[in-house]
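# Chains, contacts and geometry: an overview
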Amino acid sequence: MKHSLLITALIALLARPSAAEVKLPAFFSQGMVLQQQSQVRLWGWCDQLGHGTPRKQVTVTTSWDGKTYTTHSDHDGRFEVTVTTPAAGGPFHIAFSDGHQLLLSNILIGEVWLCAGQSNMEMQMKGFKGQPVEGTPEELLQCGDTLLRLFYAARAPRLTPANDLAGHWSEANAESVRNFSATAYYFGRALRRTLGVPVGLVCTSYGGSACEAWMKAEWLHAYPQVQQHITDDDVKRLQQRCPTALYNGQLHPLIGYGMRGAIWYQGEDNVPRYSYYASLLKTMVEGWRKEWQLGDFPFYYCQIAPYDYSLIGWGCSHLLREQQLKAESMIGNARMAVLMDVGLKYGIHPRKKRQAGERLALLALSNTYCVKGLPDFAVYSSVEFRGDTAVVAFDRSKEWVYFEHGTNSPNFEVCGPDSVFHTAEAWTSRNRVYVRSDQVSQPVAVRYAFHDWAEGDLMHDGLPVSSFRTDQ
């Protein structure tokens, strides 16, 4: 009898309408980081209302200033407010109420960065199976930092734009860092140590993803070679390589989240389609900026590292790297981190992720945060031919260029009017490289490390110089 009464009471309890409360996207949650000194958008949903039903009032109260913002949901239940954030600090809390309160606590105000790309951005500190990240055991022993917060978005390719995604915020500790992007972590760690403020990293990535997958359909209209008529079957079959699929599932939900800028590590999947990558990347960045409505926010990206692409049937990654170098001059407020010295001949996933993350941080700290005294990446600018010798000049090279190992380099080639390239001897003087070959009496072009695989050794101020060619 008691058992029957208990079941009856439970059924009655479950049958009652539950007290509704505001629903928020996964990234608006306990422990999040909001961009400091900004107008930050917050949004979510109440109960969906029918047409003709009065819109529901929602209040949002921020503890850092005690201010209450009032808005109303639309008939789909969505609401949005824009709040003013203070200088870096915390922890704070935010209360949402549509008649039933939802309280988010342990919120920090600081610097927020979006981290996106394919497998080399996705690659966690623990590495992939049989593919470790260098230095992980040592880093996990000392990575604890309650002011570095990590949000990792789950993989979610989709045919149509999503409003939310799976993921959660974690403080940096051995467990969370082990399962977070190594490149992004090292980027965030460097910002934390230099700026001394809370840092939030929002990572959305997918191994093997194409640049086209991170773009909106209309942005791709200028590229007739890209598939335009996309179906559910295409998304299931191509997943991370399907045009628009990751924009829809992993980027669209995040658009509008307050941030300082974005870092990007992608390009390997686009190697066979290298010829228009610079234009494609420019279109993607401009599209993101337009959607976010934050102006020309900083965009820093990694040039893909050398690897023997013949192992997977390709052979033109140096041409993709060239496109990435070209993109740097095409995209405003964007810079490229060079990885010529950290490649892995037999592996497309370099182990040296600390260098990738820290070099992205160098770009952000120098160019966005105006930290003085940091090194810069020299870049090829011009060549002059003096008899049998080519003289190569560089920009951003006030500390002069040099070879990492010794006084010569095996990575330079020259050609004469016959366009046949020969290995050349090379030496440096100040911010010039001099190149000549006994087999070329009248050089007309120079190439440096212009192959799939090369161990980059031309350096400036501790940083590598990109592969390049002086011919077109």
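First, a word on scope: everything that follows refers to the structure included in this document.

Rules behind the numbers
Residues numbered from 1 in each chain as written. Predicted model: local features only at pLDDT ≥ 70, side-chain atom pairs only at ≥ 80, totals over all residues. Heavy atoms only, no water. Helix = DSSP H or I, 4+ residues; strand = E, 2+ residues; numbered from the N terminus. Areas by Shrake-Rupley, 256 points an atom, 1.4 Å probe, with all protein chains shown as cover. Lys, Arg positive; Asp, Glu negative; His and termini not counted. Charge placed at Lys NZ, Arg CZ, Asp CG, Glu CD. Axes fitted to C-alpha atoms, helices over the stretch in contact; angles between N-to-C directions. Parallel < 35°, antiparallel > 145°, perpendicular 65-115°, else oblique. Left-handed = near helix turned anticlockwise from the far one by under 90°. Contact = heavy atoms within 4.5 Å. Nonpolar A, V, L, I, M, F, W, Y, C, P; charged D, E, K, R; others polar. Phe/Tyr/Trp six-rings, centres within 6.5 Å; stacked < 30°, edge-to-face > 60°. Buried < 20%, exposed > 50% of the residue type's maximum accessible area, 1.4 Å probe, protein only. Pairing = 2+ DSSP bridges. Patch = residues over 30% accessible without salt bridge, like charges linked within 9 Å, V, L, I, M, F, W, Y side chains within 5 Å. Salt bridge = Lys/Arg side-chain N within 4 Å of Asp/Glu carboxyl O. Expected span 1.5 Å × (residues − 1).

In this section: the overall build of the chain. Counting its regular elements, the chain contains ten helices and 24 strands. With the C-alpha coordinates of the chain rotated into their principal frame, the extents come out at 100 × 50 × 45 Å. Summed over its atoms, the accessible surface of the chain is roughly 20400 Å², and 50% of this surface lies on carbon and sulfur atoms. For the chain, the distance from the average position of its 44 positive side-chain charges to the average position of its 46 negative side-chain charges is 5 Å.

This part covers the packing of helix 8 (residues 277–292) against helix 9 (residues 317–330). The contact between helix 8 and helix 9 brings their axes to 8 Å, and the two run at 45°. As judged from the angle between their axes, helix 8 and helix 9 are oblique. Between helix 8 and helix 9 lies a crossing of right-handed hand. Residues Tyr-277, Ala-278, Ser-279, Leu-281 and Lys-282 of helix 8 form the contact with helix 9, whose own contacting residues are Leu-320, Gln-323, Gln-324, Lys-326, Ala-327 and Met-330. Counted by class, the contact of helix 8 with helix 9 contains six nonpolar, three polar and two charged residues.

Attention shifts here to the packing of aromatic side chains. According to the stated counting rule, one finds 32 aromatic pairs in the structure shown. Look at Trp-264 and Phe-299: their rings are 6.4 Å apart centre to centre, the planes differ by 40°, and that puts the pair in the tilted class. Placement of the pair is Trp-264 in strand 11 (residues 261–265) and Phe-299 in strand 12 (residues 299–302), with a sequence separation of 35 residues. Ring geometry for Phe-412 and Tyr-448: centres 4.9 Å apart, planes at 35°, overall tilted. Of this pair, Phe-412 sits in strand 17 (residues 412–415) while Tyr-448 sits in strand 21 (residues 445–448); the two residues are 36 residues apart in sequence, bridging distant segments of the chain. Of the residues examined, Tyr-448 reaches a relative accessible area of 0% and is grouped as buried.

Before going further, it helps to examine the pairing of strand 10 (residues 199–205). Burial analysis of strand 10 places seven of its seven residues in the buried class, which makes it a mostly covered element. The alternating pattern of strand 10 places Val-199, Leu-201, Cys-203 and Ser-205 and Gly-200, Val-202 and Thr-204 on opposite faces, both of which are buried. The pairing of strand 8 (residues 145–152) with strand 10 spans five bridges and is classified as parallel. Bridge pairing links Leu-148 to Val-199 in strand 10.

Moving on to a nonpolar patch on the surface. On the surface, a nonpolar cluster with roughly 330 Å² of combined accessible area is contributed by Leu-311, Ile-312 and Tyr-346. Within the secondary structure, Ile-312 sits in the loop between strand 12 and helix 9.

Between Gly-90 and the following residue, Pro-91, the backbone shows a cis peptide bond with an omega angle of 10°. Relative to the assigned elements, Pro-91 resides in strand 6 (residues 89–97). Non-glycine residue Cys-370 carries a positive phi angle of around 55°. In this structure, Cys-370 sits in the loop between helix 10 (353–367) and strand 14 (379–386). One non-glycine residue, Ser-419, lies in the positive phi region at around 65°. Residue classification places Ser-419 among the exposed residues on the basis of a relative accessible area of 53%.

A separate point is the sheet that holds strand 15 (residues 389–395). Strand order across the open sheet formed by four strands is 14-15-20-19, with antiparallel pairing between neighbours. With partners counted over all chains shown, the strands left at the sheet margins are strand 14 and strand 19 (425–429), one partner each. Strand-to-strand twist in this sheet, taken as the mean axis angle between neighbours without regard to direction, amounts to 25°. With seven bridges connecting them, strand 14 and strand 15 associate as antiparallel partners. What sits directly across from Phe-385, in strand 15, is Ala-390.

With 14 residues, helix 9 extends 20 Å from end C-alpha to end C-alpha; this agrees with the ideal 20 Å at 1.5 Å per step. Counted residue by residue, helix 9 has ten buried out of 14 residues, so it is predominantly covered. Taken together, the buried positions of helix 9 are Ser-317, His-318, Leu-319, Leu-320, Arg-321, Gln-323, Gln-324, Leu-325, Ala-327 and Glu-328. Contacts made by the buried residues of helix 9 are with helix 8, strand 12, strand 13 (334–337), strand 14 and strand 24 (468–469).

Function cannot be inferred from these measures alone, as they are strictly geometric.
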